[in-house]
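Residue-level structural notes
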Amino acid sequence: METLEEAKISIPTETMEDIFSRLPIKSILRFRSLSKPWLLRLSSPSFTKLHSTRANRTFLFISAHDRSARKQHLLSAGHDGGPVTHLITLDDLSCIIEAQHLNGLVYLTCVKRQTQACTFVVNPSTRKIFNVPDPSSDVKDLYYPRIRYLFGFDESTNEHKILMIRDLSQPSREIMIFSMSSYSWRKIHAQPPVGFSWDRLRFNTYQNVCVNSVVHLMLTESESFDILAFDLRTEKFSIITTPQGVMPEIYHVALQDDPYIIKVNGCIGVVCYDSVEETNQMHIWILQDYENRVWVKETITFLEPWIKFKYPLPFPTDSVNMDEIILSSIKFSENMIRAGVYNKKNRCFKSLQFGSGHQFSLSGTMQIDHIRCYVESMVPL
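Residues numbered from 1 in each chain as written. Predicted model: local features only at pLDDT ≥ 70, side-chain atom pairs only at ≥ 80, totals over all residues. Heavy atoms only, no water.

A look at the overall build of the chain
Helix and strand counts for the chain come out as 5 helices and 25 strands. Expressed as a percentage of its 381 residues, the buried residues of the chain come to 50%. Considering only residue pairs separated by 6 or more positions, the chain has 47% of its internal contacts joining residues 24 or more positions apart. (Helix = DSSP H or I, 4+ residues; strand = E, 2+ residues; numbered from the N terminus. Buried < 20%, exposed > 50% of the residue type's maximum accessible area, 1.4 Å probe, protein only. Contact = heavy atoms within 4.5 Å.)

Encoded structure:
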């Protein structure tokens, strides 16, 4: 009788890849060490794409600033809370201004040495980080020259890209694109939409949203708060008109209550909060049908007076899943992170709690800057 040691079982390569494509990335990283052929196979672009279509696991990305040590700790946690996992620590950074997530990668805009900016792309799943090079020899300064970096994903070429718009105090603007496939910048000559003035472009805010291979950002008020869109496939600009309800009833630039843009369940969302102190409500206009420009209004009613909330005040920042939206009311006390979440399906609030993990301990000298949702991915850096 043949023993198990003598038996030879041959499993087709396609079957093995199908099995591996359904596993968590942590397991796949271990299986890469089985042999050199499996290392190559499990690192191939085809397997990376297959895994992204099979394993749709979501987690939360957390950036924590340790003020005393001048360090930025990048953490991960489950989307329902629980212990945090340490990913990467960045030294000598003042703060992370913005964290944008897209197809498994997180793009960070950071401040170093007061006004100097630096940008990184992180894959939280593989714990890899890439320092985006400066597009030129000029100092990458937050204020002069004024620069906007927009993170996007081009579905036609299956690659992440970064759009840079720089104000050189001239009638025109310098526009460049960085490809995460070639790891290089190139200058483009994209014309602005007809009748558009570059003066309406905000350089003091960092929110932008990528939907359908198009990056979007809010413009300053003229007659309405419109959205500037740049298609990564055609490399052309266009304007998306927002609903009439986006414009504040009483608008003054000094009030600092301009609407801003977020992503809600894969759609563009415009958050309006100009009357929240009087009505205790915020409104999110969601572009539900992108092609036909159909907007749907979502209203968040707070259970207690909004103005009485302790800092940071609750503003919608990102969506966790189909129904839940993370709020900016992130509290840190007793070595526990508490983040507010609004469920737009049952219209109720809850608090997510995150504690120290066995690899990382939260401390009282930390400040939580951002919590974002990301999808597990094997995209290389």
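Next, the rest of the story.
Let's talk about the packing of helix H1 (residues 13-20) against helix H4 (residues 45-54)
One way to put it is that H1 packs onto H4 with a least axis distance of 9 Å and a crossing angle of 50 degrees. Here H1 lies oblique to H4, going by the angle between them. Listed contacts from H4 to Glu 17, Asp 18 and Phe 20 of H1 are Phe 47, Leu 50, His 51 and Arg 54. Counted by class, the contact of H1 with H4 contains 3 nonpolar, 1 polar and 3 charged residues. (Axes fitted to C-alpha atoms, helices over the stretch in contact; angles between N-to-C directions. Parallel < 35°, antiparallel > 145°, perpendicular 65-115°, else oblique. Nonpolar A, V, L, I, M, F, W, Y, C, P; charged D, E, K, R; others polar.)

What about H4?
Buried within H4 are the following residues: Phe 47, Thr 48 and His 51. Buried residues of H4, seen end-on, are gathered within an arc of 105 degrees and therefore sit on one face of the element. More than 90 degrees from the buried face of H4, the exposed residues found are Pro 45, Ser 46, Lys 49 and Thr 53. For H4, the secondary structure elements touched by its buried residues are H1, helix H2 (25-31) and helix H3 (36-42). (Arc of directions from axis to C-beta.)

Digging into the sheet that holds strand S9 (residues 146-154)
To summarise the sheet geometry, strands pair through backbone hydrogen bonds and adopt either a parallel or an antiparallel arrangement. Spatially, 4 strands are ordered S9-S10-S11-S12 in an open sheet, and the strand pairing comes out antiparallel. Each having just a single partner strand, S9 and strand S12 (184-188) make up the two edges of the open sheet. Sheet twist, expressed as the average angle between the axes of neighbouring strands with direction ignored, equals 25 degrees. One ladder, built from 9 bridges, connects S9 with strand S10 (residues 159-167); its direction is antiparallel. Bridge assignment links Ile 147 to a residue of S10, and that residue is Arg 166. (Pairing = 2+ DSSP bridges.)

Here's the deal with the side chain of His 283
Here His 283 lies in strand S19 (residues 281-289). Residue His 283 is classed as buried on the basis of its relative accessible area of 17%. Among the polar contacts listed, one links the side chain of His 283 to the side chain of Thr 299, at a separation of 3.1 Å. Among residues more than four places away in sequence, those in contact with His 283 are Val 270, Val 271, Cys 272, Lys 297, Glu 298 and Thr 299. (Polar contact = N/O pair within 3.5 Å; in protein donor to acceptor, adjacent residues only side chain to side chain.)

Structural notes on unusual backbone geometry
The general pattern is negative phi for most residues beyond glycine and trans for most peptide bonds. Even without glycine at this site, Ser 213 takes up a positive phi of about 65 degrees. Looking at where Ser 213 falls in the secondary structure, it is placed in the loop between strand S13 (209-211) and strand S14 (214-218). Look at Ser 213 and you get buried, because its relative accessible area is 1%. At Asn 280, a position not held by glycine, the phi torsion is positive, near 65 degrees. Among the residues examined, Asn 280 registers a relative accessible area of 16% and is labelled buried.

Some details on the environment of Asp 91
Its location among the elements puts Asp 91 in strand S4 (residues 85-91). Placed 21 residues apart in sequence, Asp 91 and Lys 112 show a C-alpha to C-alpha distance of 9.6 Å.

Let's talk about the side chain of Ser 76
With respect to the element layout, Ser 76 can be found in strand S2 (residues 71-78). Within the local environment of Ser 76, its side chain forms a polar contact with the side chain of Tyr 374, the two groups lying 2.8 Å apart. Beyond its immediate chain neighbours, meaning those up to four positions away, Ser 76 contacts Phe 59, Leu 60, Pro 83, Val 84, Thr 85, Leu 87 and Tyr 374.

Quick word on the packing of aromatic side chains
Counted according to the given criterion, the structure contains 16 aromatic pairs. Among the aromatic residues, ring-to-ring pairing joins Phe 130, Tyr 149, Phe 178, Tyr 183 and Trp 185 into one connected group. The ring of Trp 38 has Arg 41 lying over it, and the distance from NZ or CZ to the ring centre is 4.8 Å. Sitting over the ring of Tyr 290, Arg 293 keeps its end group 4.8 Å from the ring centre. (Phe/Tyr/Trp six-rings, centres within 6.5 Å; stacked < 30°, edge-to-face > 60°. Lys NZ or Arg CZ within 6 Å of the ring centre and 35° of its normal.)

A word on the sheet that holds S19
Pairing in this open sheet of 4 strands is antiparallel, and the strands run S17-S18-S19-S20 from one edge to the other. Of all the strands in the sheet, just strand S17 (260-264) and strand S20 (294-301) have a single pairing partner and so form its edges. For this sheet, the mean angle separating the axes of adjacent strands, direction not counted, is 30 degrees. The pairing of S17 with strand S18 (residues 267-272) spans 5 bridges and is classified as antiparallel. Considered in S18, the bridge of Ile 262 is made with Gly 269.

Topic: the pattern of salt bridges
Considering all chains together, one arrives at 12 salt bridges under this definition. A salt bridge links Lys 161 to Glu 159; its shortest N-O distance comes to 3.9 Å. Glu 159 matches Lys 161 in its accessibility class, with the two residues each being buried. For Arg 233, the salt bridge goes to Asp 231, with nearest N and O atoms at 3.0 Å. It is possible to trace a salt-bridge network through shared partners that takes in Asp 154, Glu 159 and Lys 161. (Salt bridge = Lys/Arg side-chain N within 4 Å of Asp/Glu carboxyl O.)

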